Amino acid sequence: MPSIVAGVADTAFRSKVWIKEKYGEEGSEDLKKVAGGVSKLRNEMMTGKVLIPITDTRSDVKLWNDYLREVTERDGEEPTWFVSPWLYVECYMYRRIQESVEKCNILNKFDVFMDQKRKSLLDSAQPTLILLNYLMTVVNDLDSGETSDKQKLFKQLMQISLWGNKCDLSISGGQDNAQTSCPLDQVNKLRQFILRDDLDQVWQHLSSKSPSRVDIVLDNAGFELITDLCLAEFLISAKLASSVHLHAKAFPWFVSDVTKDDFDHTFQFFMQNNSLAMDMFLKRWKGRIEDGSWVFKVHDFWTSPFAYCDMNKYMPELYTDLGNSTLIIFKGDLNYRKLVGDRNWPTTTPFEDSLCGFHPAPLCALRTLKADLVTGLEEGKAEEVKEQDRNWMINGNWAVAVYCDRIVQ
């Protein structure tokens, strides 16, 4: 975490020239505010200070500060960096980084992680082309009615989306972490590393319904986002979904999480490449947005400190909205941690139980393991994997594709 904050200060320093050219002295002063704000944050973090209220004018300030008071009253003391729950302080760090941006006069929309995300996308250009060329063939076959084995394709694209989650800049501390290998070959090679695979159950559920709404709670920008958009395209083209709702972050979050700007930049990236497949999907996906078969959504809950079992308490309208979905797909490590409350569950705890009452609709979590918690594993599985790989819970080399069909409105 301190290295991520230091990276933000470094980004501010390296942006001085172009910011001054574009925005003048006022832009330069804003950069100093950002650098000063994150330097103060890093000092508080490194010395284990108490967490302090947020002081910008963003719409979620009251939510964060009310929760700070709630935690203080609950624990009988102010939360601190070294002692308080990891999920809370990690989320708080990213909100404080955003606070330094929100206080700017001109640069209050500045994405301090933009350069890293765009480089990661650029470095993943070749695997992206391979995937889109393949999807073009799949979609053309679906459009002409020539595809027979939709289940096989569904599982393949779900696994491509799952392993796209390896590209996570918050886990690499902002260091290069692009997709470099062929995503199609990867599916076959990595299948043995999926510790629990419920994709047959997900298929049975989805294929038994008439085409209706599917939600994808996005994780990382770059190659992972492209795998998610390919999955969304397949769901519509295969008539497994009538609409796909894509949920993104309200501001830059956990280094590489998807924002609206990242989504738009992906389309710009397609425009800049001379590729038949990119051109086809650029037009097709813009059409999806325009005709409403894709709905891109941003909500403050996804950049809040709360576990998802608290959604109905703090943001009941979002919980109700998700209840309209046939299937919610949660992408990535942080979404998984928030689903299971970031708690120290025994690994054999049923996944349904670890959701702590969060059951708005049938849901599936696609996640490569980058934090030391997991539920729903068979007896002895954790011990078996630990024998092979001591760091199996945190290195992103192992995965789960878990499903729960319980609904509690």
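Everything below is about the structure printed above this text.
Owing to the predicted nature of the structure, the values given are computational and were not obtained by experimental measurement.

Peer 1: Quick one: what's the story with the packing of helix α7 (residues 150-164) against helix α8 (residues 183-190), residue by residue and with numbers?
Peer 2: To describe two helices that pack against each other, one gives the angle between their axes and the distance between the axes. Direction vectors running N to C along α7 and α8 enclose 95°, while the axes themselves pass 9 Å from each other. By the criterion of interaxial angle, the relationship of α7 to α8 is roughly perpendicular. For the pair formed by α7 and α8, the contact residues are Gln 156, Gln 159, Ile 160 and Trp 163 on the first element and Pro 183, Leu 184, Gln 186, Val 187 and Leu 190 on the second. Residues belonging to the contact of α7 with α8 are distributed by class as follows: six nonpolar, three polar and no charged.

Peer 1: I'd like to hear about the pairing of strand β3 (residues 241-248), residue by residue, with values.
Peer 2: Of all eight residues making up β3, seven are buried, and the element is well covered by its neighbours. The sheet contact formed by strand β2 (residues 212-217) and β3 spans six bridges and is parallel. Residue pairing across strands places Val 217 opposite His 247, the latter belonging to β3. The β-α-β motif built from β2, the intervening helix α10 (residues 223-237) and the parallel element β3 has right-handed crossover chirality. The pairing of β3 with strand β4 (residues 294-298) spans five bridges and is parallel. Counterpart to Val 244 in the pairing with β4 is Trp 294.

Peer 1: Explain helix α2 (residues 16-46) to me, using residue names and the numbers behind them.
Peer 2: With 31 residues, α2 ought to run about 45 Å at 1.5 Å a step, yet its terminal C-alpha atoms sit only 26 Å apart, falling short of that. In the structure, α2 departs most strongly from a straight axis at Tyr 23, where the bend amounts to approximately 135°. Regarding α2, the residues found buried are Ile 19, Gly 27, Ser 28, Asp 30, Leu 31, Val 34, Val 38, Leu 41, Glu 44 and Met 45. In this structure, the buried side of α2 is in contact with α1 (2-14) and α4 (86-102). A positive backbone phi angle near 70° is found at Gly 48, which sits one or two residues after α2.

Peer 1: So what about empty space enclosed by the protein? Which residues, and what values?
Peer 2: By the definition in use, this model includes two cavities of 30 Å³ or more. Approximately 70 Å³ is the volume found for the largest cavity. Taken together, Lys 117, Arg 118, Leu 121, Ala 221, Gly 222, Asp 262, His 265 and Thr 266 make up the lining of the largest cavity. Going through the elements one at a time, α5 (114-123) and α11 (260-271) are the ones with two or more residues in the lining of the largest cavity. When grouped by side-chain class, the residues that make up the lining of the largest cavity number two nonpolar, three polar and three charged.

Peer 1: Can you explain the pattern of salt bridges? Please cite residues and give values.
Peer 2: Summed over all chains, the structure comprises 38 salt bridges. Among the salt bridges present, the one from Glu 102 reaches Arg 58, with a minimum N-O distance of 3.5 Å. You can see Glu 102 sitting in helix α4 and its partner Arg 58 sitting in the loop between α2 and α3 (61-75), a full 44 residues away along the chain. Exposure class is identical for Glu 102 and Arg 58. Each is buried. For the salt bridge of Lys 331 with Asp 228, the shortest nitrogen-to-oxygen distance reads 2.6 Å. Of this pair, Lys 331 sits in strand β5 (residues 327-331) while Asp 228 sits in helix α10, placing them 103 residues apart in sequence. Here Lys 331 and Asp 228 have matching classes, each one buried. Through salt bridges with shared partners, a single ionic network connects Asp 56, Arg 58, Asp 60, Arg 95, Glu 102 and Asp 300.

Peer 1: Could you give an account of the packing of aromatic side chains, naming the residues involved and the relevant values?
Peer 2: Per the stated rule, a full pass over the model turns up 29 aromatic pairs. Ring centres of Tyr 336 and Phe 351 lie 6.2 Å apart, and the angle between their planes is 20°; on these two criteria the pair is classed as stacked. With Tyr 336 in helix α15 (residues 332-339) and Phe 351 in helix α16 (residues 351-354), the pair connects residues that are 15 residues apart, well separated along the chain. Note on Phe 351: relative accessible area 2%, which makes it buried.

Peer 1: Lay out the nonpolar core in plain terms, naming residues and giving numbers.
Peer 2: Considering soluble globular proteins, one finds that nonpolar side chains tend to be buried as a cluster. Residues Met 93, Tyr 94, Ile 97, Trp 302, Phe 330, Phe 351 and Trp 392 are the most contacted members of the largest nonpolar core, which totals 72 residues. For this core, the leading source of residues is α4, giving nine residues. Excluding anything up to four places from it in sequence, Trp 302 contacts Val 217, His 247, Ala 248, Lys 249, Trp 253, Tyr 308, Met 311, Leu 318, Leu 322, Phe 330 and Lys 338. Counting 64 residues, the second-largest nonpolar core is a separate cluster that includes Leu 132, Leu 153, Leu 157 and Leu 282.

Peer 1: Give me the lowdown on the packing of α7 against helix α9 (residues 199-207), citing residues and values where you can.
Peer 2: Their axes nearest at 10 Å, the elements α7 and α9 cross at an angle of 125°. Compared by their axis directions, α7 and α9 come out oblique. Seen along the crossing, α7 lies across α9 with a hand that is right-handed. Along its contact with α7, which presents Lys 150, Gln 151, Phe 154, Lys 155, Met 158 and Gln 159, the element α9 presents Leu 199, Asp 200, Val 202, Trp 203 and Leu 206.

Peer 1: Describe in detail the side chain of Thr 259, supporting the description with residues and values.
Peer 2: Considering the arrangement of structural elements, one finds Thr 259 in the loop between β3 and α11. Taking relative accessible area as the criterion, Thr 259 reaches 6% and is therefore assigned buried. Among residues more than four places away in sequence, those in contact with Thr 259 are Lys 117, Ala 248, Lys 249, Phe 251, Pro 252 and Phe 296.

Peer 1: Could you give an account of the side chain of His 245, with specific residues and numbers?
Peer 2: Looking at the secondary structure, you find His 245 in strand β3. Residue His 245 is classed as buried on the basis of its relative accessible area of 10%. If sequence neighbours within four positions are ignored, His 245 has contacts with Arg 213, Val 214, Asp 215, Ile 216, Val 295 and Lys 297.

Rules of the game
- Once a new chain begins, its residue numbering starts again from 1 and follows that chain's sequence as written.
- Local features in this predicted model are restricted to residues of pLDDT 70 or higher, and side-chain atom pairs are both shown and tallied only at a pLDDT of 80 or more, whereas totals for entire chains, interfaces and linings draw on every residue.
- Calculated side-chain values reflect all of the structure's heavy atoms, with hydrogen atoms and water omitted.
- Axis lines are fitted to C-alpha atoms, over the contacting stretch for helices. Their N-to-C directions set the angle, which ranges from 0 to 180 degrees.
- Working definition: helices are DSSP H or I runs of at least four residues, strands are E runs of at least two. Numbering for both runs from the N terminus.
- To sort the angles, those under 35 degrees are grouped as roughly parallel, those over 145 as roughly antiparallel, those from 65 to 115 as roughly perpendicular, and the leftovers as oblique.
- In what follows, residue pairs with any heavy atoms lying within 4.5 Å of each other are defined as contacts.
- Three classes are used, and their members are as follows: Ala, Val, Leu, Ile, Met, Phe, Trp, Tyr, Cys and Pro are nonpolar, Asp, Glu, Lys and Arg are charged, and the others, Gly among them, are polar.
- We call a residue buried when its accessible area falls under 20% of the maximum for its residue type, exposed when it is over 50%, and partly exposed in between, using a 1.4 Å probe and counting protein chains only.
- A pair of strands counts as paired when DSSP detects no fewer than two bridges linking them.
- Handedness of a crossover: with both strands directed away from the viewer, a clockwise path from the first strand across the helix to the second marks it as right-handed.
- Take the residue count of a helix, subtract one, and multiply by 1.5 Å to get its expected span.
- One axis is fitted to the seven residues ending at the residue and one to the seven starting there. The bend at that residue is the angle between these axes.
- Cavity means a closed set of points on a 1 Å grid over the protein atoms alone, one where a 1.4 Å probe fits but cannot get out, pocket means an open set with protein on both sides within 12 Å along at least 5 of 7 lines, and lining means a residue has an atom within 4 Å of a point.
- Grid points are joined across faces, edges and corners, and a volume is the space filled by probe spheres set on the points.
- Salt bridges, as used here, are contacts in which a Lys or Arg side-chain nitrogen is within 4 Å of a carboxyl oxygen on Asp or Glu.
- Two aromatic rings from Phe, Tyr or Trp, using only the six-membered ring of Trp, form a pair when their centres are within 6.5 Å; if the ring planes differ by under 30 degrees the pair is stacked, by over 60 it is edge-to-face, and anything between is tilted.
- Note on terminology: a nonpolar core comprises buried Ala, Val, Leu, Ile, Met, Phe, Trp, Tyr and Cys residues joined through side-chain atoms within 4.5 Å.
- Here a crossing is taken to be left-handed if its near helix is turned anticlockwise relative to the far helix by less than a right angle, and right-handed if that turn runs clockwise.

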